[in-house]
Amino acid sequence: QVQLVESGGGLVQAGGSLRLSCAASGLTFSSYAMAWFRQAPGKEREFVATINWSGGLTSYADSVKGRFTISRDNAKNTVYLQMNRLKPEDTAVYYCAARRSLGVYTLTSLVDSWGQGTQVPVSS
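All of these numbers come straight from a predicted model, not from anything done at the bench.

> Break down the environment of Leu 86 for me, with residues and values.
Considering the arrangement of structural elements, one finds Leu 86 in the loop between β8 (78-83) and β9 (92-99). Spatially, the C-alpha atoms of Leu 86 and Ala 97 are 21 Å apart, while their sequence positions differ by eleven residues.

Right, here's the structure in full:
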């Protein structure tokens, strides 16, 4: 059974940085493309960033491009999201996602497994 466990969330001031981690188990990690999504209060869950199986291909939502960086360590079965220059509008619950695919993806409907989420409140 696939398990994804996020960590690293917490209150941060606008302009600050935070790094989220997602530890995966119960899967052959290098066979999965990984992604981060987020859901703000009262809003739909939205795509943030995705990375292919090798880490050689990434894609970002326009709202985070240039500020966030997704990466992975296949030896540690972990995917990361480095978030810099955070804004109050980045406030959300951030979810790790896995899809048994070599390529990247941006749609929630394509996700095979979700983490439980980690809260990231950004104060102004």
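Read on, since the account is not over.
> Can you lay out the sheet that holds strand β3 (residues 18-25) for me, pointing to particular residues and giving the numbers?
Reading across the sheet, the four strands line up as β1-β3-β8-β7 and stay open at both edges, with antiparallel pairing between neighbours. Only two strands of the sheet have a single partner each, and these edge strands are β1 (3-7) and β7 (68-73). Neighbour-to-neighbour, the strand axes of this sheet turn through a mean angle of 15 degrees, independent of strand direction. In the sheet, β3 pairs with β8 via six bridges, with the strands oriented antiparallel. Paired with Ala 23 across the two strands is Thr 78, which belongs to β8.

> Talk me through the pairing of β1; I want residue IDs and the actual numbers.
Of the two faces of β1, only one is covered, namely that formed by Leu 4 and Glu 6; the face formed by Gln 3, Val 5 and Ser 7 stays uncovered. With five bridges connecting them, β1 and β3 associate as antiparallel partners. Bridging from a neighbouring strand, Val 5 pairs with Ala 23 of β3.

> Provide a residue-level description of the pattern of salt bridges, including the pertinent values.
Going through the model one piece at a time under the given rule, you end up with four salt bridges. The salt bridge involving Glu 46 is made with Arg 38; its shortest N-O contact spans 2.7 Å. Judged by its relative accessible area of 5%, Arg 38 is buried. It is possible to trace a salt-bridge network through shared partners that takes in Arg 38, Glu 46, Arg 67 and Asp 90.

> I'd like a rundown of the packing of aromatic side chains, residues and numbers included.
Summed over the entire model, instances satisfying the criterion amount to three aromatic pairs. With 5.9 Å between their ring centres and 70 degrees between their planes, Phe 37 and Phe 47 make a pair best called edge-to-face. Placement of the pair is Phe 37 in strand β4 (residues 33-39) and Phe 47 in strand β5 (residues 46-51), with a sequence separation of ten residues. There is no split in this pair, since Phe 37 and Phe 47 are both buried. Taking 6.3 Å as the distance between ring centres and 85 degrees as the angle between the ring planes, the aromatic pair formed by Tyr 95 and Trp 114 counts as edge-to-face. One end of the pair, Tyr 95, is in strand β9; the other, Trp 114, is in strand β10 (residues 113-114), and 19 residues separate them in sequence. With a relative accessible area of 31%, Trp 114 lands in the partly exposed category. Counting every residue linked through ring pairs, the aromatic cluster contains Phe 37, Phe 47, Tyr 95 and Trp 114. Geometry around Tyr 95 places Arg 45 over its ring, the cationic atom sitting 3.6 Å from the centre.

Rules used in this analysis
- Residues numbered from 1 in each chain as written.
- Predicted model: local features only at pLDDT ≥ 70, side-chain atom pairs only at ≥ 80, totals over all residues.
- Heavy atoms only, no water.
- Helix = DSSP H or I, 4+ residues; strand = E, 2+ residues; numbered from the N terminus.
- Pairing = 2+ DSSP bridges.
- Axes fitted to C-alpha atoms, helices over the stretch in contact; angles between N-to-C directions.
- Buried < 20%, exposed > 50% of the residue type's maximum accessible area, 1.4 Å probe, protein only.
- Salt bridge = Lys/Arg side-chain N within 4 Å of Asp/Glu carboxyl O.
- Phe/Tyr/Trp six-rings, centres within 6.5 Å; stacked < 30°, edge-to-face > 60°.
- Lys NZ or Arg CZ within 6 Å of the ring centre and 35° of its normal.

Bear in mind that shape data such as this cannot, by itself, settle questions of function.
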